[in-house]
Amino acid sequence: MIKVIISGFSGSMGQKAIKMVADSEDMELVAGFNPIVTDLDPKTYGLAENVKIFNKLSDIDVVADIWIDFSIPSAVFDNTKFAIEHGIRPVIGTSGMSEEQTAELKKLADAKQLGGIIASNFGLSAVLMMKFAQVAAKYFEESEIVEKHHEDKLDAPSGTALNTARLIYEARGHNQPQHSDDDPMGTRGGDYHGTKIHALRLPGFVADEEVIFGGVGETLTISQSTTDRQSFMTGVKLAVHEVMKQNELVIGLEQII
């Protein structure tokens, strides 16, 4: 059995991860972690008595194979570092880490030959969208990204949008050309090596993204829409099984599908 700790277990995504583990024949939930909870009785959260609940990293004393993280941007780096240092394979769905932080974690995990993944999105439609955008970037010199999320999403732009921009940049091998630096009101959005990113935060959205490529006399739009967060669990389950076979930290679900 694959023994799992879920960080952010009491949140909406954490609850879906708990169900995913419970529905899996080869996984077992051994612990939940969330620093904001005060009640450490697993029965309070509808969990089995043998599941331990922790609100301090330093108190975690269970043996586990996988650390699934759906916490918050300000905590995810420390959580992931803790997991790696304790030989627990991280499956990280929380966005908000910098490239420097992910590079540090990868160096740490790779030195221990510990498999893991940091994914900006576990939705298969979003991952495929990123892969398709990377292919299109080889043929279009200019593109922009529009990402739309619910009003409670803390980070902007989303990790998915940043990862899409990174893949586009890697495919081209150079910065996107710019036509004007005159934007006094900041309406042109964020910038990643020339690719503009526009972030919407509105009720009614869960997680949508579109990448628009422009060429002479033509445009190409690649888009995806997430209407239920349950869709992410397909990718999480796939990632859990894959990282058990890996000996390095992978950045992006697109690297393993």
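Residues numbered from 1 in each chain as written. Predicted model: local features only at pLDDT ≥ 70, side-chain atom pairs only at ≥ 80, totals over all residues. Heavy atoms only, no water.

Per an unreviewed UniProt entry, the protein chain goes by 4-hydroxy-tetrahydrodipicolinate reductase and derives from Companilactobacillus heilongjiangensis. Regarding the protein chain, the relevant UniProt record gives this comment under Pathway (unreviewed entry): "Amino-acid biosynthesis; L-lysine biosynthesis via DAP pathway; (S)-tetrahydrodipicolinate from L-aspartate: step 4/4." Taken directly from UniProt, the Function (unreviewed entry) text for the protein chain runs: "Catalyzes the conversion of 4-hydroxy-tetrahydrodipicolinate (HTPA) to tetrahydrodipicolinate." (UniProt positions renumbered as here; feature names shortened; annotations may be inferred.)

Engineer: If you had to explain the environment of His86 to someone new, which residues and values would you point to?
Structural biologist: You can see His86 is positioned in the loop between α2 (73–85) and β5 (89–92). What makes His86 partly exposed here is its relative accessible area of 49%. Residues His86 and Leu40, 46 residues apart in the sequence, show an inter-C-alpha distance of 22 Å. (Helix = DSSP H or I, 4+ residues; strand = E, 2+ residues; numbered from the N terminus. Buried < 20%, exposed > 50% of the residue type's maximum accessible area, 1.4 Å probe, protein only.)

Engineer: So, the environment of Val250: which residues are in play, and what are the values?
Structural biologist: In this structure, Val250 sits in strand β12 (residues 249–251). Classification of Val250 as buried rests on a relative accessible area of 9%. In this structure, the C-alpha to C-alpha distance between Val250 and Thr102, residues 148 residues apart in sequence, is 9.8 Å. Those residues in contact with Val250, other than ones at most four positions away along the chain, are Gly116, Ile117, Ile118, Gln255 and Ile256. (Contact = heavy atoms within 4.5 Å.)

Engineer: Lay out a nonpolar patch on the surface with the relevant residues and their values.
Structural biologist: On the surface, a nonpolar cluster with roughly 380 Å² of combined accessible area is contributed by Leu124, Leu128, Phe132, Leu238 and Ile257. At three residues, helix α4 (residues 124–137) tops the list of elements feeding residues into the nonpolar patch. In this fold, Leu128 is placed in helix α4. The exposure class assigned to Leu128 is partly exposed, which follows from its relative accessible area of 36%. (Patch = residues over 30% accessible without salt bridge, like charges linked within 9 Å, V, L, I, M, F, W, Y side chains within 5 Å. Areas by Shrake-Rupley, 256 points an atom, 1.4 Å probe, with all protein chains shown as cover. Salt bridge = Lys/Arg side-chain N within 4 Å of Asp/Glu carboxyl O.)

Engineer: Which residues make up the nonpolar core, and what values go with them?
Structural biologist: In terms of nonpolar packing, the biggest core is built from 50 residues, with Ile6, Ile68, Val91, Ile117, Phe122 and Phe213 touching the most fellow members. When residues are assigned to domains, this core turns out to be shared by domain 1 (2–114) and domain 2 (124–226), each giving three or more. With residues up to four places along the chain from it excluded, the contact list for Ile117 reads Pro90, Val91, Ile92, Phe122, Ala239, Val243, Leu249, Val250, Gly252, Leu253 and Ile256. In terms of nonpolar packing, the next biggest core, distinct from the first, is built from 22 residues, Ile5, Val30, Ile84 and Ile118 among them. (Core = buried A, V, L, I, M, F, W, Y, C linked by side-chain atoms within 4.5 Å. Domains from an automatic or database assignment.)

Engineer: With reference to specific residues and values, describe the sheet that holds strand β11 (residues 218–226).
Structural biologist: Pairing between the strands of a sheet is mediated by backbone hydrogen bonds and can be parallel or antiparallel. Reading across the sheet, the five strands line up as β8-β9-β7-β10-β11 and stay open at both edges, with mixed pairing between neighbours. Taken across any chain shown, the strands that pair with only one partner, and hence form the sheet edges, are β8 (190–192) and β11. The average undirected angle you get between the axes of adjacent strands in this sheet is 20°. Of the pairings in the sheet, the one linking strand β7 (residues 142–149) to strand β9 (residues 195–201) comprises six bridges and is parallel in character. Across the sheet, residue Ile145 finds its bridge partner in β9, namely Ile197. Here helix α5 (residues 159–172) sits on the sheet in contact with β7, β8, β9 and β10 (207–215), set at roughly 165° to β7. (Pairing = 2+ DSSP bridges. Axes fitted to C-alpha atoms, helices over the stretch in contact; angles between N-to-C directions.)

Engineer: Outline the pairing of strand β1 (residues 2–7), listing residues and values.
Structural biologist: The element β1 is largely enclosed, with a buried count of five among its six residues. Across six bridges, β1 lies against strand β2 (residues 27–33) in parallel orientation. Paired with Ile6 across the bridge in β2 is Gly32. The handedness of the β1 to β2 crossover, carried by helix α1 (residues 12–23), is right-handed. Pairing between β1 and strand β4 (residues 66–69): four bridges, direction parallel. Bridging from a neighbouring strand, Val4 pairs with Ile66 of β4. (Right-handed = clockwise from strand over helix to strand, strands pointing away.)

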